[in-house]
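Observations on chain architecture
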Amino acid sequence: MESKKIIELTQHYVMNTYARLPIALAKGKGSWAWDADGKKYLDFFSGLAVNNLGHAHSKVLKTLQTQARELMHVSNVFHTQPQAELAELLVKNSFAGPKEGPLRGRAFFCNSGAEANEGAVKLARKWAKKKFGPQKFEVITMKNSFHGRTLAMITATGQEKYQKGFEPLMPGFRYAEFGNMESLKAQVTDATCAVLIEPIQGEGGVRMASAEYFRELRRFCDEKGLLLIFDEVQVGMGRTGKLFAYQHFGAEPDIMTLAKALASGLPVGAVVAKEDVAQTFEPGDHASTFGGNPLVAAVAKTTLETMLEPGFLENAAKLGDSFMGQLKKLKKRLPIITEVRGLGMMIAVDLDQPAKPIVLKCIEKGLLINAVQEKTLRILPPLTAKRSEMKEALRILAEVLEETAKGQGVIAAAAPRMEVMS
């Protein structure tokens, strides 16, 4: 079917909840995707940080086919090997794993990041009520954050644009300035039970806070008897150059949420928690019909094992650093770029003008990226991207930005030209 027909069908029969880009993708392989008309694109959108292993990864495909022949779904009232092994792998390779002595954590599986965050908040509330009494229920989140689209999670999200029209909002959430401990401390009340925070604000524009901030946050939560929940839905699973983003900051959470890249495109979310918190949940407290079923669990296990292979994450981190370094050189030539920042393969370019026209021009030239917060380009290459593909993406982006700047007469001609990732 031609792209035009697919777009027409979508516009007629699918609810209008996305400002969709004007292409219809039909297949993908590695870092590349093709639309229904056969045009080829370098996919540095990565399904919004989902396709961390790129499209149609050979190990993922093999696992998918093998498991689909054996068992795709059963109720979670039964035990299954793929889910048990996935939980073990997540726990042993995270803050919840055994440093010494007995096992220190557990995992719960659901279908999405929003569901994972809902589960984490439920777990925190029950833990706090059991430990301190019924008055404990409030969760502090950050302004400019994003935690999902359910009613509770749009309330947790510190951006009014996601909440407008869905009032009344859920009670029990208070907002602090990201990276500002004094702001957070001012929001603590006798009802506070937890802090929910993204180690890097992805939808907020790849906004970062210091390692010292996170270490102080950890100390403060310990002092006040609060649980620290890290939302790693977008930044986890290798996106920042480490398996989990918290590993950059020297501060461990009590609860961590995952989704997006966990199963390379199949729907799954996870709540990982330390044992003394995890054991709060009892049969009947929480559930998910499809969560962690044999098919998605097997693929998630393969995804995680692939990322844990020697050198995999280190290589992705080096390529991401090199890419950002070249963008910073480009910034010296082009005043329309106001900031370049990021970590690993999570990269943002701030502009002095709307970012969407740049996105559309990149699409015309065969590069898929996206815009967040109006004036920010977000670039999310697959962790499997080759150096040659990173160079090509950089070439296209530089070409579009230079053409835009030249059209506005704002190129700094005296600045040295950028080398394209030699």
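Our subject in this report is the structure included herewith.

A tally of regular secondary structure across the protein gives 13 helices and 17 strands. Here the C-alpha radius of gyration of the protein, 22 Å, is about what a compact globule of 422 residues would show, namely 22 Å. Each of the three principal axes of the protein carries a C-alpha extent, and together these read 65 × 55 × 45 Å. Per-residue burial over the protein gives 53% buried out of 422 residues.

Our focus in this paragraph is the pattern of salt bridges. Oppositely charged side chains can form a pair if their charged atoms are brought close together. Across all of its chains, the model carries 25 salt bridges by this definition. Its salt-bridge partner being Lys365, residue Glu403 comes within 3.5 Å of it at the nearest N-O pair. Of this pair, Glu403 sits in helix H13 (residues 387-408) while Lys365 sits in the loop between helix H12 (356-364) and strand E15 (367-368), and the two are 38 residues apart along the sequence. Exposure remark for Glu403: the relative accessible area of 44% places this residue in the partly exposed category. Since its relative accessible area comes to 32%, Lys365 is described here as partly exposed. Taken together, the shared-partner salt bridges in this structure form one network comprising Lys365, Glu392, Arg395, Glu399 and Glu403.

Here we take up the sheet that holds strand E11 (residues 255-258). What the 7 strands build is an open sheet, ordered E4-E12-E11-E10-E7-E5-E6; its pairing is mixed. The sheet terminates laterally at strand E4 (105-110) and strand E6 (173-176), the two strands that pair on one side only. Averaged over all neighbouring strand pairs, the angle between strand axes comes to 20°, with direction disregarded. Here 3 bridges tie strand E10 (residues 227-231) to E11, and the two strands are oriented parallel to one another. If you follow Asp231 over to E11, its bridge partner there is Thr257. Here helix H5 (residues 113-132) sits on the sheet in contact with E4, strand E5 (138-142), E6, strand E7 (192-197), E10, E11 and strand E12 (269-274), set at roughly 165° to E11.

The next subject is the packing of aromatic side chains. For the structure on display, the rule yields 9 aromatic pairs. Taking 5.8 Å as the distance between ring centres and 80° as the angle between the ring planes, the aromatic pair formed by Phe95 and Tyr246 counts as edge-to-face. Here Tyr246 lies in the loop between E10 and E11 and Phe95 lies in the loop between helix H4 (81-92) and E4, a separation of 151 residues in the sequence. Neither residue differs from the other here; Phe95 and Tyr246 are each classed as buried. Judged by centre distance (5.8 Å) and plane angle (85°), the ring pair of Phe214 and Phe230 falls under edge-to-face. One end of the pair, Phe214, is in helix H8 (residues 211-224); the other, Phe230, is in strand E10, and 16 residues separate them in sequence.

Pro168 follows Glu167 through a cis peptide bond whose omega is 5°. Unusually for a residue other than glycine, Lys260 sits at a positive phi of about 30°. Tracing the backbone shows Lys260 in the loop between E11 and E12. A residue is classified by how much of its surface remains accessible, and Lys260, at 25% relative accessible area, is partly exposed. In this structure, Gln373 is a non-glycine residue whose phi angle is positive, near 50°. With respect to the secondary-structure elements, Gln373 resides in the loop between strand E16 (370-372) and strand E17 (376-379). Gln373 gets classed as partly exposed once you look at its relative accessible area, which sits at 28%.

Counted according to the given criterion, the structure contains 0 disulfides. In this structure Cys110 is not part of a disulfide, and its nearest cysteine sulfur, from Cys193, lies 18 Å away. Its relative accessible area of 1% is what places Cys110 among the buried residues. Cysteine Cys221 remains unbridged, with the sulfur of Cys193 as its closest cysteine sulfur at 11 Å. On the basis of relative accessible area, Cys221 is assigned to the buried category, the value being 0%.

Right, let's get into the pairing of E7. Within E7, 6 of the 6 residues are buried, which leaves it mostly tucked inside the rest of the structure. Examined bridge by bridge, E5 and E7 share 3 bridges and lie parallel to one another. Bridge assignment links Val139 to a residue of E7, and that residue is Ala194.

Attention now moves to the pairing of E17. Alternating residues of E17 divide into Thr376 and Arg378 and Leu377 and Ile379, and every residue in both groups is buried. Pairing analysis gives 4 bridges linking strand E14 (residues 346-351) to E17, with the strands arranged antiparallel. Its bridge partner being in E17, Ala348 is matched across the sheet by Arg378. Pairing of E16 with E17 involves 3 bridges; the strand directions are antiparallel. Looking at E17, one finds that Asn370 is bridged to Arg378.

Rules and cut-offs
Residues numbered from 1 in each chain as written. Predicted model: local features only at pLDDT ≥ 70, side-chain atom pairs only at ≥ 80, totals over all residues. Heavy atoms only, no water. Helix = DSSP H or I, 4+ residues; strand = E, 2+ residues; numbered from the N terminus. Rg over C-alpha atoms; globule rule 2.2 N^0.38 Å. Buried < 20%, exposed > 50% of the residue type's maximum accessible area, 1.4 Å probe, protein only. Salt bridge = Lys/Arg side-chain N within 4 Å of Asp/Glu carboxyl O. Pairing = 2+ DSSP bridges. Axes fitted to C-alpha atoms, helices over the stretch in contact; angles between N-to-C directions. Contact = heavy atoms within 4.5 Å. Phe/Tyr/Trp six-rings, centres within 6.5 Å; stacked < 30°, edge-to-face > 60°. Disulfide = S-S within 2.5 Å.

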